[in-house]
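Survey of secondary and tertiary structure
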Amino acid sequence: MSNLAVSADKALTPRDYKSDLAPIWCPGCGDFGVLSAMFKAMSVCNLDPVKTVIISGIGCSSRLPGFVATYGFHGVHGRGLPIATGIKCARPDLNVIVVGGDGDGYSIGGGHLPHIARRNPDITYLVMNNNTYGLTKGQVSPTSMVPLASMEARIDPKRWKTTPYGSTEDPINPVALAVAMDCSFVARGFSYKPNQLADLLVEAMRHRGFSLVDVFSPCPTFNQDQTDEFYKRTTYDIPMDHDPTDRLKAFELASNMESYPLGILYQRPDKASILDEQEALRTRFQGHGSLSELISRFS
Amino acid sequence: MNQETSTSAAATDVVIRLVGESGEGTVTLGDVMVEMFTQMGLDIYTFQTFPAEIKGGTVMYQIRARSGTTLSPGDSVQILVALNKAGFSLFGTGLADGSILLYNSDVFSPPPDPNRVDISLPVTTLAREQKEAVRHEISGEALKRLPAPINTVGLGALMTLVNAPLEPAEAYLNKVFGRKGEAVVRMNISALRIGAEHVRAQIGEHRLPSVFPKPILAPRMMVTGNQMTSIGSLAAGLQFYAGYPITPATEIMEFLARELPAFGGTLVQAEDEIAALAMCIGAANAGAKAMTATSGPGLSLMAELLNLAGQAEIPVVVIDVQRGGASTGLPTKASQGDLNLAIYGMHNESPRIVIGSTSVEDAFWTAIEAMNLAEEYQVPVILLSDQSLATRRSTVPPPEISNISITNRLLPSEDELGPDYHRYRDTPNGISPMALPGMIGGMYTTTGIEHNEKGDPAYTPENATKMKAKRFRKMDAVIEKHGERLVRHWGVGGDADIGIIAYGSLEGIVREATQRALDDGINVAHLHLRLLQPFPTEVVQQFAARCRTLLVPEMTWSGQLANWILINTGLNVERLTKDDGIPFRPSQVYARIRSLYDQITGGASHE
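A quick note: this is a predicted structure, and the numbers were derived from the prediction, not measured.

Our focus in this paragraph is the interface of chain B and chain A. How big an interface is tends to be stated in terms of the accessible area lost upon association of its parts. Opposite the 59 residues of chain B that make contact, chain A presents 48 residues. Broken down residue by residue, the surface that chain B buries against chain A is led by B:Glu271, B:Pro437 and B:Met443, which jointly contribute 15%. Counting the contacts that link chain B with chain A gives 3 salt bridges. One can count 19 residue pairs in polar contact (both at pLDDT 80 or more) joining chain B with chain A. Residue assignment for the side of chain B that touches chain A shows that the elements contributing at least two residues are β7 (221-224), α8 (225-235), α9 (250-259), β9 (266-269), α10 (273-285), α12 (303-312) and β15 (445-447) of chain B. It is α10(B) that provides the largest number of residues to the side of chain B that touches chain A, a total of 8 residues. In terms of residue class, the side of chain B that touches chain A is built from 39 nonpolar, 13 polar and 7 charged. Pairing of strand β2 (residues 71-74) of chain A with β15(B) involves 3 bridges; the strand directions are parallel. Each bridged residue has a counterpart across the sheet, and for A:Phe73 the counterpart in β15(B) is B:Thr446.

Shown next, in the form of structure tokens:
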């Protein structure tokens with residue numbers, strides 16, 4: 001979002017973005033940290049709440065729009081990105097942010113990701129990745145790391161209800177996918193590092209084009225494997241000397257499945273955007289639209 | 001109300017059917033004939049069926065040229081032009097007695113038929129000879145690219161078969177080929193004449209189904225239904241379109257891709273139909289008038305999002321250009337089989353409006369109607385069209401722009417915005433002022449979750465009942481305000497022996513059948529539904545009260561419209577169904593009217 005709509009009258013504090021609805025998340029949910037990082041990032045950017053729309057799909061994390069004092073759209077499972085695309089194309093003047101979970105964004109809605117990366121609208125997409133389906137109470141998600149089990153030895157069925165015998169399906173790597181899709185801004189954060197996450201979100205919002213921020217946001221209720229402790233152990237900050245415009249380096253970093261780099265992996269500031277094309281078309285043909293001319297063309 | 005039924009000597013009513021290999025000029029020849037007839041001041045109604053493949057398969061192009069309003073593709077074919085054998089085998093039936101077959105004798109010979117006059121035309125040979133004659137005058141490259149004038153030979157033959165002068169065709173060839181040089185023009189003129197001569201030599205005493213040019217008194221458009229739908233949507237103020245290519249709806253997106261920017265609008269080709277409707281819903285929620293167009297398979301994918309639009313009260317238009325089915329079915333052919341999907345295709349229940357466009361001319365007005373209704377009631381509107389009216393070209397009077405009226409959604413006033421603004425305020429007609437992003441004091445979260453008036457999630461049974469009632473109250477309001485307006489009455493105004501209820505592209509066909517029955521002294525009334533959901537129950541019941549028997553013709557297998565009428569009114573109707581990809585002929589509807597009439601009058605014949 002290169003041209004953010006900002007509040008004209010005053011500098012807004014993180015509290016100013018808090019709605020009067022209380023989050024419905026379980027105690028200890030990673031999404032609380034994400035929400036406060038968002039409040040902070042919005043305050044840093046001083047986003048005009050009235051000209052900001054937060055869109056989501058369905059899932060625990062997708063309830064977030066209701067907790068923020070902006071316009072919101074809690075849509076349909078997996079369809080946050082195309083809904084947001086419609087909003088942004090129709091109203092380029094608005095700040096458009098999409099939030100959701102890993103199931104919402106990488107499974108049912110996964111087919112939209114390459115296309116929004118191609119179109120590259122000024123939209124920020126924040127995925128609260130908890131490696132499970134929380135709202136349906138603990139099934140494998142596309143980012144789940146389910147242990148392999150032999151046919152004899154069942155794994156804990158309370159944890160992985162639809163894969164009680166384990167799974168051979170590899171988890172997908174969303175940031176590596178996004179780099180491969182040439183998504184013009186790819187970052188990863190961790191809900192237990194809210195200051196870093198807020199910084200990443202600020203960068204994402206200021207990025208001109210589509211930005212994906214994948215956030216490890218552990219589910220304490222249904223995922224006892226990828227916990228906050230797990231991610232504290234396995235994540236590290238991207239070295240300062242990483243050049244995010246180097247796509248191959250970015251892909252190398254993103255491909256690490258042993259430990260997980262946090263920060264901006266990839267950025268391509270010069271990628272064309274569908275919004276510019278649409279604006280150019282409207283400008284080029286402005287005032288040419290005439291109903292009577294159109295009718296007479298067929299006469 | 002009664003159509004023109006002039007029987008003067010100068011009246012024209014000719015039905016020509018062209019068949020040939022797809023991609024080999026049949027459509028071009030048809031288009032040129034249509035152009036010729038239009039220049040002669042005749043009214044045109046075309047009907048085409050395409051193979052589902054890009055190249056190969058048989059294409060059929062039927063043209064009815066008439067002096068006066070043309071309501072249907074006509075009944076029996078007077079002239080069949082068969083450019084290949086497969087086309088003749090597939091479409092060689094349904095010819096009138098004494099009809100003429102013009103066949104490409106370079107590729108086949110038809111078995112003789114005493115009811116038919118066969119005229120041979122070695123069209124490829126003749127065309128090649130004409131090209132040979134000018135070969136030495138044209139340079140190598142241009143010669144290579146120059147096709148033999150097969151269509152022009154056909155044109156000359158056809159113009160002669162309908163007793164038309166060749167001058168307009170010659171003028172047309174001059175215009176089209178002028179910039180390619182004198183030799184090319186000469187080749188085409190000579191091809192035209194050789195085609196004409198070849199036919200003239202074989203006609204003998206046979207009486208030709210002649211066309212009579214008439215003066216063009218008023219401007220007319222030559223358009224397809226899809227084009228009219230697109231122009232109508234621009235007239236309605238369309239600002240955002242997202243769609244995914246699907247036959248036979250794609251033409252709408254292609255048209256709007258060219259035209260929408262000039263009207264200040266935006267178009268996105270989505271990655272699938274789900275994304276297409278999701279984008280439209282997003283754009284509409286942000287204030288734009290938004291629309292998508294698809295066909296049955298795409299509409300199925302949109303079902304979930306249609307409920308979001310119903311539940312979250314978002315105005316959006318979805319055009320379904322129906323095609324034969326199910327599954328991939330008959331993707332290039334006509335059907336009305338998506339009525340059930342349009343009406344019932346949802347999980348649980350949310351309000352929606354379903355309307356149907358009835359003709360090429362009407363497609364313009366129904367597109368405006370759809371957008372207006374969506375905006376007025378903040379609901380999804382499904383506009384049902386179908387392949388037969390969407391892809392055919394017809395001459396129609398241009399719409400009178402001053403008759404257009406536009407409805408915009410209800411926005412909150414300054415006073416309504418503020419801490420007490422409730423997005424889903426419970427109002428007497430169920431319509432709540434809709435705040436748009438950017439409005440100070442209007443912030444809310446759109447949601448498909450059951451919510452209270454403010455828009456916050458709320459799950460109590462009391463709230464669920466209250467908010468569902470609020471949303472469905474809008475459907476009562478639709479009927480109250482528009483129920484009587486969104487039907488058309490044809491045929492007798494008083495008591496009728498037979499009452500016909502239909503929707504969509506059957507309007508002209510049923511009108512023509514009705515007219516024939518009226519001419520025979522059978523009292524037929526025809527109620528044509530434009531609004532299908534919410535259902536105009538009272539209007540239909542009042543209509544039924546003045547009819548002895550009800551007949552519902554429709555292009556479905558199971559009688560979807562008849563069932564829908566039964567559910568809403570308790571009326572059991574006679575069904576006339578057919579879902580084979582081809583529209584009814586007026587004679588098929590007439591035959592059923594006649595047999596029903598004979599039944600209720602105890603077999604007494606009127607003739």
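Residue and element names in this part refer to chain B. In total, this model carries 48 salt bridges over all chains according to the counting rule given. We note a salt bridge from Asp 75 to Arg 516, for which the minimum N-O separation is 2.6 Å. Within this pair, whereas Asp 75 is found in the loop between β3 (58-66) and β4 (77-82), its partner Arg 516 is found in helix α17 (residues 506-519), the two being separated by 441 residues in sequence. Residue Asp 75 is classed as buried on the basis of its relative accessible area of 15%. Here Asp 362 ties to Arg 488 by a salt bridge, and the two come within 2.4 Å at their closest N and O atoms. Linking Asp 362 in helix α14 (residues 360-377) with Arg 488 in strand β16 (residues 487-491), this pair joins segments that are 126 residues apart in sequence. Owing to a relative accessible area of 3%, Asp 362 belongs among the buried residues under this scheme. Taking relative accessible area as the criterion, Arg 488 reaches 21% and is therefore assigned partly exposed. Overlapping salt bridges, with partners in common, bring together Asp 362, Glu 369, Arg 485, Arg 488, Glu 507 and Arg 530 in one network.

What follows concerns helix α20 (residues 586-600) of chain B. Residue and element names in this part refer to chain B. Compared with an ideal rise of 1.5 Å per residue, which puts 15 residues at 21 Å, α20 spans 21 Å between its outermost C-alpha atoms and is within 8% of the ideal. What α20 keeps buried is the set Pro 586, Val 589, Tyr 590, Ile 593, Arg 594, Leu 596 and Tyr 597. Projected down its long axis, α20 carries its buried residues within an arc of 165°, all on one side. Tucked into the core, α20 has its buried residues touching β17 (496-503), α17, β18 (524-529), β20 (547-554) and β21 (574-577).

So, about the sheet that holds strand β11 (residues 316-322) of chain B. All names here are of chain B. Across the sheet, 7 strands lie side by side as β9-β8-β10-β11-β13-β12-β19; this open sheet has mixed pairing. Every other strand in the sheet has two partners, leaving β9 and β19 (531-533) as the edge strands with one partner each. Each neighbouring strand pair of the sheet contributes to a mean axis angle of 20°, computed without reference to strand direction.

In this section: the pairing of β2(A). Residues and elements named next belong to chain A. Along β2, one buried face is formed by Tyr 71 and Phe 73 and the opposite face, lined by Gly 72 and His 74, is buried too. Bridge count for strand β1 (residues 52-56) against β2 is 4 bridges, and the pairing is parallel. By the bridge assignment for β2, Val 53 is matched with Tyr 71.

Residues and elements named next belong to chain A. Structurally, Arg 188 can be placed in strand β5 (residues 185-190). No salt bridge forms around the buried Arg 188; measuring N to O, its nearest opposite-charge neighbour Asp 214 is 4.7 Å away. Within the local environment of Arg 188, its side chain forms a polar contact with the backbone oxygen of Pro 261, the two atoms lying 3.3 Å apart.

A few words now on the nonpolar core. One finds A:Ile55, A:Ile87, A:Phe210, B:Phe240, B:Leu277, B:Ile281 and B:Leu529 to be the most contacted residues of the largest nonpolar core, which totals 101 residues. The leading source of residues in this core is α10(B), at 10 residues. Not counting residues within four places of it along the chain, the set of residues in contact with B:Leu277 comprises B:Thr292, B:Met302, B:Leu305, B:Leu306, B:Val316 and B:Val318.

Thresholds, definitions, all that
- Residues numbered from 1 in each chain as written.
- Chains lettered and ligands numbered in written order.
- Predicted model: local features only at pLDDT ≥ 70, side-chain atom pairs only at ≥ 80, totals over all residues.
- Heavy atoms only, no water.
- Contact = heavy atoms within 4.5 Å.
- Buried area = accessible area lost by both parts, 1.4 Å probe.
- Salt bridge = Lys/Arg side-chain N within 4 Å of Asp/Glu carboxyl O.
- Polar contact = N/O pair within 3.5 Å; in protein donor to acceptor, adjacent residues only side chain to side chain.
- Helix = DSSP H or I, 4+ residues; strand = E, 2+ residues; numbered from the N terminus.
- Nonpolar A, V, L, I, M, F, W, Y, C, P; charged D, E, K, R; others polar.
- Pairing = 2+ DSSP bridges.
- Buried < 20%, exposed > 50% of the residue type's maximum accessible area, 1.4 Å probe, protein only.
- Expected span 1.5 Å × (residues − 1).
- Arc of directions from axis to C-beta.
- Axes fitted to C-alpha atoms, helices over the stretch in contact; angles between N-to-C directions.
- Lys, Arg positive; Asp, Glu negative; His and termini not counted.
- Core = buried A, V, L, I, M, F, W, Y, C linked by side-chain atoms within 4.5 Å.

No statement about biological role is implied by the geometric values presented.
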